[in-house]
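Take a look at the letters that make up each chain.
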Amino acid sequence: MQNRYEEALHRAADKFRTAIAPAAQAGIIPYKSEKGQWIGSPYDGNGWWTGGFWPALMWQFYALEKDEAFLREARRVEALLTGEFRVFEHLNHDVGFMYLLSCGADHKLTGDGQARIDTLHAASLLLGRFNPAGYIRAWNHPSQAGFAIIDCMMNLSLLFWASRQTDDPRFAHAARIHADTTLREFLRPDGSASHIIEFDPETGARVREHPGQGYALGTQWSRGQAWGLYGFTLAYLNANDSRYLDAAERIARNFMAHIRPDGLTDCDFCQPDTEERIDNIAGAIAACGLMELSKITQNAKYQAAAERLVDGLLEHCCDWSESRMGLLTHCTASYHDDGAGRHTNITYGDYFLVEALAKLCGADPMLWR
Ligand code: GLY
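First, a word on what this report is: a plain description of the structure on this page.

### Considerations on unusual backbone geometry
Consideration 1: With a phi close to 70°, Phe-88 is a non-glycine residue in the positive phi region.
Consideration 2: Its location among the elements puts Phe-88 in the loop between α3 (68-87) and α4 (95-110).
Consideration 3: In the Ramachandran plot, His-330 falls in the positive-phi region, its phi being about 60° despite a non-glycine side chain.
Consideration 4: Positionally, His-330 belongs in the loop between α11 (300-316) and β8 (345-346).
Consideration 5: In this structure His-330 comes out as partly exposed when scored by relative accessible area, which is 27%.

### Regarding the sheet that holds strand β1 (residues 32-34)
What links the strands of a sheet is backbone hydrogen bonding, and the strands pair in either a parallel or an antiparallel sense.
Consideration 1: Spatially, 3 strands are ordered β2-β1-β8 in an open sheet, and the strand pairing comes out antiparallel. Looking along the sheet, the strands with just one partner apiece sit at the ends: β2 (37-39) and β8.
Consideration 2: Relative to β8, β1 runs antiparallel, the two being bridged by 2 bridges. In the sheet register, Ser-33 faces β8, and the bridge partner there is Asn-345.

### Comments concerning the nonpolar core
Consideration 1: Among the nonpolar cores identified, the biggest contains 130 residues, and Phe-352 and Trp-368 are the most heavily contacted of them.
Consideration 2: For Phe-352, the residues in contact, after removing those within four places along its chain, are Phe-53, Met-154, Trp-227, Tyr-230, Ala-284, Ile-285, Cys-288 and Trp-368.

### Some details on the site of the ligand
Consideration 1: All residues adjacent to the ligand are Trp-49, Asp-151, Gln-213, Trp-221, Arg-223, Trp-227 and Tyr-348.
Consideration 2: Note that a nitrogen atom of the ligand is positioned 2.7 Å from one of the side-chain N or O atoms of Asp-151.
Consideration 3: In the environment of the ligand, an oxygen atom lies 2.9 Å from a nitrogen or oxygen atom belonging to the side chain of Trp-227.
Consideration 4: A total of 200 Å² of accessible area belongs to the ligand in isolation, and the protein chains cover 93% of it.
Consideration 5: Here the shell around the ligand is composed, by residue class, of 4 nonpolar, 1 polar and 2 charged.

What counts and how
Residues numbered from 1 in each chain as written. Predicted model: local features only at pLDDT ≥ 70, side-chain atom pairs only at ≥ 80, totals over all residues. Heavy atoms only, no water. Helix = DSSP H or I, 4+ residues; strand = E, 2+ residues; numbered from the N terminus. Buried < 20%, exposed > 50% of the residue type's maximum accessible area, 1.4 Å probe, protein only. Pairing = 2+ DSSP bridges. Core = buried A, V, L, I, M, F, W, Y, C linked by side-chain atoms within 4.5 Å. Contact = heavy atoms within 4.5 Å. Near = heavy atom within 4 Å. Polar contact = N/O pair within 3.5 Å; in protein donor to acceptor, adjacent residues only side chain to side chain. Areas by Shrake-Rupley, 256 points an atom, 1.4 Å probe, with all protein chains shown as cover. Nonpolar A, V, L, I, M, F, W, Y, C, P; charged D, E, K, R; others polar.

This is the structure we're talking about:
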């Protein structure tokens, strides 16, 4: 008999199998679903940072069920993503999210040679953003040459992967230098992490913290906490440096202390209680990181917290109806800017929920390494 996680994972595979045709017919990379339709990215077309999560979902289900329909859909979108190499101007440090989970997953699961080359291409673009003053530049606006963000901890996996693939330590060196800077400059004494730190691009000296997608300067944007939690866990798995594990556990303790009684996750752990603002993507990402931490440390409290988060999502915020293309509801892109979605279904929320379910079922192909 299937347990509740196995049942949810296979039910999700069935739901997304039927959602492939509408996405392919629209010719888009699904970003979110509303009113029975897939909707593409809000900004930058196929170069928007979230484009890898739809193929990543397809690869998760392909790994689970070996249904070629998932493989074909993943490759349809990989062609759109690799087309962005020639557009170039929208690409930023999030090439890690975009290409490791799409082309990298393809290479990992099928051995496809072109997918490996495309993933190495993305890694070279990410390495090109490394400022030897000590950090990887996040975004492209001329005023943001010194900006680094906590999310980048997730993109470092692409660099570690490239060093293993090429037997060339350049990529991993850059990843470790960036992780060390993040450890030093982003982690706060209470175990929370800043979202954006600006450095002097000439000297690498810290200039200031900026408010980001959370409530305000100095608060705790929950998705940023989740990126830090999972990102430092992955850095530990890649670099075997106990300082990264320690950082991941500090962030995890703070995150676990803020899980709501219903298992859902507020958009910012310091947000005012005058208006409900939930971001379930943060909870799904954190569940994935906590599951990895539980395996590394053999500490059952991490698995228990991951289960609390996933149970909350399954109980309150999964829309299994046929009238909704995607699954996870109450995803919020940013506390103040609703242009990318507030309290709606967003595809990368679906991705991390499915990855968390796969981990709980012992079926995760681990696309991050
Ligand atoms: N990496 C950007 C975000 O989490 O919205």
